[in-house]
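Residues per chain are reported as follows:
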Amino acid sequence: MNEKTPIIDARSIDKFYGGYQALKQVSLSVHAGEFVALVGPSGCGKTSLLKILAGFEDLSGGSLTIDGHDMVGVPSSARPTRMVFQKLALFPHRTVHQNIAFPLKLARRPKEEIDRRVGEMMELMHLRAAYATRYPAQLSGGEQQRVALARSMVSQPSVLLLDEPLSALDVKLKKSLQAEIKRLHRTVGTSFVHVTHDLEEAMMLADRICVMRAGRILQTGAPSDIYFRPVNGFVAGFIGETNLLPTRIERPAGGLRFEAPGLSCAEPVLGTDQAAEGLEAGEAALMIRPEMIVLSKNAADDGECVMEGRVEEFFIKGASIQYRVNVPGVEAAVVAEVPGTSQPPADVGDNVRLSFARADLFVLHRD
Amino acid sequence: MADQRKSWRDRGLMLATLPVSALMLFFFLVPLGLTAALSFQSTKYYRVVWSWDTGTWIDVFTHGHYWSIMLQTITMALACVALCIIISLPVAYALVNRMRSVENHVKVLIVFAFLTDAVLKTFGWVLFLDRTGVMNGMLETIGFGPAATDILFNPGATLLGMVYNLLPYTIFTIYLSLARIDRDLVLAAYDAGASRLRTFWEVTLPLSRPGVIAGGVLVFVLSLGVFLESKVMGGGTSPMAAELIRQTFETRVNWPLGAALTLVVIAIGVLTLGGAGALFLHLNSRKGTA
Amino acid sequence: MTRDRLEGHLANIVLYGSVAGVLVFFYIPILTLILFSFSESRFLSFPIEALSLRWYGELFAANDFWPALRNSAVLASVSTVFATMFGIGGAIAWIRWRFRFQRFFQGLTFAPLLFPQLLLGVVMLLWFSVLGSWLDFSPGLWSAIIGHVVYITPFALVIIAVQVHGFDDTLEDAARDAGANRWQVFREITLPLIWPGVFSAAIFAFLLSWGNFYITYSLAGTARTLPTFVFSGIAVGSSPIYPALATLSFVPALLLVGLADVFRRRAAARRAAPPKSE
């Protein structure tokens, strides 16, 4: 990662729509060549933030510089950013070539340069040269996506902003375009800011992820941080299923002591790095990811920490089998994901032991 | 998202709205006001006297003659509305449901006829229906003898001309409302065991009501101003309000009276529009509670 | 089942019959005029004994014909340009924007559509007469132009509004994002996308003006256009030159409507996807 001055430097941004506050004191910096994903449920403010970066919306408070220039009052047409729209916004009355060439034409580039650049972009995006004369309506969904990417990248912006461009696609096409976007990012070295409500997509693509909720950034960090060291229950629950056990923590010198009903550990102490930042003694949540749990019917098979319960239901998912286990003292069923076999290790109603390493536990804020 | 809020300081908004607003204000709204003002003046030796009195209006309200013409105009307009709707319903229905392939050609043909000069078309009707016209000529050749039927120069001929000139309005409004009906609703009615006729009666017709009302109101209001048809085809046998107004201005040169009569016709039109609007709201509110 | 079949047959007869009937009805006077325009006879009576182009010659020789043609052309062209321009701005403001006094604006620009033409003409004539006596001028072709623009603008506005409805705002955002200023966005994106509506509106406007009688009759003063020329002629007594004039005046309408259809088809062909070559 580049430690120079960031390409995008947004500080304490507020955004009001009438009386409604869409963004509350949001700060974000993006470095040259970095791929940042903004993630959150709908209405969390991620799209508002992107529109402020693109210049489609004014900010109500705070400051924004891009490429070292103050962006307040600068219209989108004069910003070094380009946007890929959710609905792509390809011009239906222009051919593929004319669509891609549009930004260059507006910048009054010479015709040879335009043709050369458009050709290069089409090649880079694996668009067949014969498509140049087609209209957007005559292309498949995936091809349209690639034209939209080509149009946004053709004038070599400093930042590419992507507004959930993949959300309307079916799963297979989505996967292939995710790979395409990743490859494009590696090839061109431009900073990407990608908005999505799909944390899995964000983890696959981004160097850094910002999880947002209700107009605030909850956590910014590398994908592995977001997954294994979420700041609170909301972030933890945003991707996949996870187990959050209500717990009380104390902080005697040398470690973090915890106790949680239904859970017995040989030594209930965690390292200080196993807790979310700013955590105080008191009520908290203890997270254990389902795939870290070993499930057995054999009482002798002990890990460092153990829970006992009865199988409520199980689902065969192919590569894995998911168990939901009722543990006395824990309100929600504990989820365990075990490797798939042709013989499920336990049946509904069986008494099982769930064991895992103490190092796989992480303490976070309740919320 | 679709709504862009614009402030009046926005140059685009000013450019888009101010010239046309100025035009309509200065050449539509102001003239209307002037007409209202004129109706309170009187006339002497064919000249308007700015007397500001209600003499003209008293005149209008006490002369049964004017009102019988208004009544006749309204009757003709209502007959025209009824005929236009009855004819337009099957045509619009057929365009939407049966003739997808030739729909556009039929529409172009109707639009072309609609946009052709009304005087010429009316004149064409005269040539067709005249004593020595095409229709009688054809009737004669197939053996109906020389008993030339007189079709022209009666209220029926006026009505024919009115329907002819105004029919496209109802065809298109009803067409638009029928085209918007969700095809699944009709299929659902078939699925529930309804016959075609019953489906049309219970599903299609009620859903086409906005188009029927809008088209009907439009035709009614525009019928109030007809005079070409009554003069050329009706031969003056059915005096209509517009003809009366024209005569008041041109022959009698009584501007205050002409202005007052114009306002009466406009008032009838506005009341009809208001009534239709209220009906619309009423129907919609019922839909809301259902 | 058979009853349903019978109903179906009956319905088809009524439906197809009504369309055919209406088309015949619409074209009876038009075809009658075309037929009579080629008649040899001085009297407009049927059956026609001999065909000739004689009355076309007489029409071209008539003194009043050429000024009327010129006036019609000027009136229709100028009215079309203004009505279409006002229609574009008005339709965008109607559909896509929200602003103070919007209801008033919508009412003001729509109301003339609900006015019988004769009354519209009369009301405006009163105003022009008053203005004329103040400022010392008399109505003529220019006042007819204003009348036509007032009458036709709502039609143009509604036709363009249909096209503007469903316009995707993000296309304009995308153009702005690519570096376009306001004028470029309008010229490169907005106008081309609403062009089909603008084009139909212009044709509609031209033909409404070209064939308009009532408003011209009220407002043109002593200036004659083709419709008022015909009206004054047939009021005196029908002459065989009028069918010839009618037939000729159908020509621009036919050309324009045909042209519009060609454009519509071409636009439709562009939107339709060809067989995928994958």
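Chain B appears in an unreviewed UniProt entry as ABC transporter permease from Marivibrio halodurans. Regarding chain B, the relevant UniProt record gives this comment under Sequence similarities (unreviewed entry): "Belongs to the binding-protein-dependent transport system permease family. CysTW subfamily." Listed in UniProt under the heading Subcellular location (unreviewed entry), the comment for chain B reads: "Cell membrane".

The name given to chain A in an unreviewed UniProt entry is ABC transporter ATP-binding protein, with Marivibrio halodurans as the source organism.

Peer 1: Describe the overall build of chain A, naming the residues involved and giving the relevant values.
Peer 2: Helix and strand counts for chain A stand at eight helices and 21 strands. Counting only C-alpha atoms and orienting by the principal axes, one finds that chain A spans roughly 75 × 50 × 40 Å. Per-residue burial for chain A yields a buried fraction of 53% across its 367 residues. The long-range share in chain A, meaning contacts at least 24 apart out of those at least 6 apart in sequence, stands at 68%. Accessible area of chain A: about 16,200 Å², with a carbon and sulfur share of 50%. The distance from the centre of the 41 positive side-chain charges to the centre of the 44 negative ones in chain A is 9 Å.

Peer 1: Summarise the interface of chain C and chain A; cite the residues concerned and give the values.
Peer 2: Between chain C and chain A, the contact holds 25 residues from the first and 28 residues from the second. Both sides of the chain C and chain A interface together cover about 2,400 Å² of buried area, and 57% of this is carbon and sulfur. The three residues of chain C that bury the most area against chain A are Asp 177, Glu 188 and Arg 270 of chain C, which together make up 27% of that side's buried surface. Seen at the junction of chain C and chain A, the total is two salt bridges. Across the pair Glu 188 of chain C and Arg 94 of chain A runs a salt bridge whose closest N-O atoms are separated by 2.3 Å. Our count for the contact surface shared by chain C and chain A stands at seven residue pairs in polar contact (both at pLDDT 80 or more). Of all the secondary structure elements, the ones that give two or more residues to the side of chain C that touches chain A are α7 (169-177), α8 (182-210) and α11 (241-271) of chain C. Counting residues per element, the side of chain C that touches chain A draws most heavily on α7 of chain C, which supplies seven residues. Residue composition of the side of chain C that touches chain A, by class: 12 nonpolar, four polar and nine charged.

Peer 1: Can you explain the sheet that holds strand β6 (residues 81-84) of chain A? Please cite residues and give values.
Peer 2: Residue and element names in this part refer to chain A. Reading across the sheet, the six strands line up as β6-β7-β8-β3-β9-β10 and stay open at both edges, with mixed pairing between neighbours. What marks the edges here is a single partner per strand, and that holds for β6 and β10 (216-221). Sheet twist, expressed as the mean angle between neighbouring strand axes with direction ignored, is 20 degrees. With five bridges connecting them, strand β3 (residues 35-39) and strand β8 (residues 191-196) associate as parallel partners. Residue Val 39 lies in a different strand from β8, and its bridge partner there is Thr 196. Relative to the sheet, helix α4 (residues 141-153) contacts β6, β7 (159-163) and β8, its axis offset from that of β6 by approximately 170 degrees.

Peer 1: I'd love a proper account of the UniProt feature "domain: ABC transporter" (unreviewed entry) in chain A, names of residues and values included.
Peer 2: The residues that UniProt annotates with the feature "domain: ABC transporter" (unreviewed entry) are residues 8-239 of chain A. Summarising residues 8-239 of chain A: 36% helix, 26% strand, and an end-to-end C-alpha distance of 27 Å.

Peer 1: Can you explain the sheet that holds strand β12 (residues 256-259) of chain A? Please cite residues and give values.
Peer 2: Residue and element names in this part refer to chain A. One open sheet accounts for five strands, arranged β14-β12-β11-β15-β21; its pairing is antiparallel. Looking at which strands have only one partner, the edges of the open sheet turn out to be β14 (269-270) and β21 (362-364). Sheet analysis places strand β11 (residues 243-250) next to strand β15 (residues 282-288), joined by seven bridges and oriented antiparallel. Bridge pairing in β15 links Ile 249 to Gly 282.

Peer 1: Could you give an account of the pattern of salt bridges, with specific residues and numbers?
Peer 2: All names here are of chain A. Overall, the coordinates contain 31 salt bridges over all chains when judged by the stated rule. With a shortest N-O distance of 2.8 Å, Arg 11 and Asp 9 are connected by a salt bridge. Glu 267 is paired through a salt bridge with Arg 358; the nearest N and O atoms lie 3.9 Å apart. On the criterion of sequence distance, the pair formed by Glu 267 in the loop between β13 (264-265) and β14 and Arg 358 in the loop between β20 (351-356) and β21 is long-range, its members being 91 residues apart.

Peer 1: How would you explain the state of the cysteines if you had to name every residue and give the values?
Peer 2: All names here are of chain B. This structure, assessed with the given rule, holds one disulfide over all chains. Residue Cys 84 stays outside any disulfide, its sulfur separated by 4.0 Å from that of Cys 80, the closest cysteine. For Cys 84, a relative accessible area of 0% corresponds to the buried category.

Peer 1: Now, about the pairing of β3 of chain A: what can you tell me, with residues and values included?
Peer 2: Residues and elements named next belong to chain A. With five of five residues buried, β3 lies mostly within the body of the structure. Because side chains alternate across β3, one face comprises the buried residues Phe 35, Ala 37 and Val 39, and the other comprises Val 36 and Leu 38, equally buried. Relative to strand β9 (residues 208-213), β3 runs parallel, the two sharing four bridges. What sits directly across from Ala 37, in β9, is Ile 209.

About the criteria used
Along each chain, the written sequence defines residue order, and numbers are assigned to residues from 1. Here the convention is simple: chains get letters from A, ligands get numbers from 1, in the order in which they are written. Per-residue local features are limited, in this predicted model, to residues with pLDDT of at least 70; the limit for side-chain atom pairs, both in listing and counting, is 80 or more; totals at the level of whole chains, interfaces and linings are taken over all residues. For the side-chain quantities, the full set of heavy atoms in the structure was used; hydrogens and water were omitted. UniProt positions are given in the numbering used here, feature names are shortened, and annotations may be inferred rather than shown by experiment. Secondary structure elements are defined from DSSP: runs of H or I of at least 4 residues count as helices, runs of E of at least 2 residues count as strands, and each element is numbered from the N terminus. Relative accessibility under 20% of the residue-type maximum defines a buried residue, over 50% an exposed one, and the middle range a partly exposed one, all with a 1.4 Å probe and only protein chains included. Residue contacts are counted whenever heavy atoms from the two residues lie within 4.5 Å of one another. Computed by Shrake-Rupley with a 1.4 Å probe, the accessible areas treat only the displayed protein chains as cover when residues are assessed. Charge assignment in this entry is limited to Lys and Arg as positive and Asp and Glu as negative, and neither His nor the chain termini are counted. In plain terms, the charge of a residue is placed at NZ if it is Lys, CZ if Arg, CG if Asp and CD if Glu. Summed over both partners, the accessible area (1.4 Å probe) lost when two parts come together is defined as the buried area. We count a salt bridge whenever a side-chain nitrogen from Lys or Arg sits within 4 Å of a carboxyl oxygen from Asp or Glu. Definition of a polar contact: a pair of N or O atoms within 3.5 Å, with one able to donate and the other able to accept a hydrogen when the atoms are protein atoms, and with sequence-neighbouring residues admitted only if both atoms are side-chain atoms. Classification used: nonpolar for Ala, Val, Leu, Ile, Met, Phe, Trp, Tyr, Cys and Pro, charged for Asp, Glu, Lys and Arg, polar for all others including Gly. Paired strands, as defined in this entry, are two strands with at least two bridges between them according to DSSP. For every element, the axis is a line fit to its C-alpha atoms; helices are fit only across the contacting stretch, and the angle between N-to-C directions ranges from 0 to 180 degrees. Cysteine sulfur atoms are paired as a disulfide whenever they come within 2.5 Å of each other.

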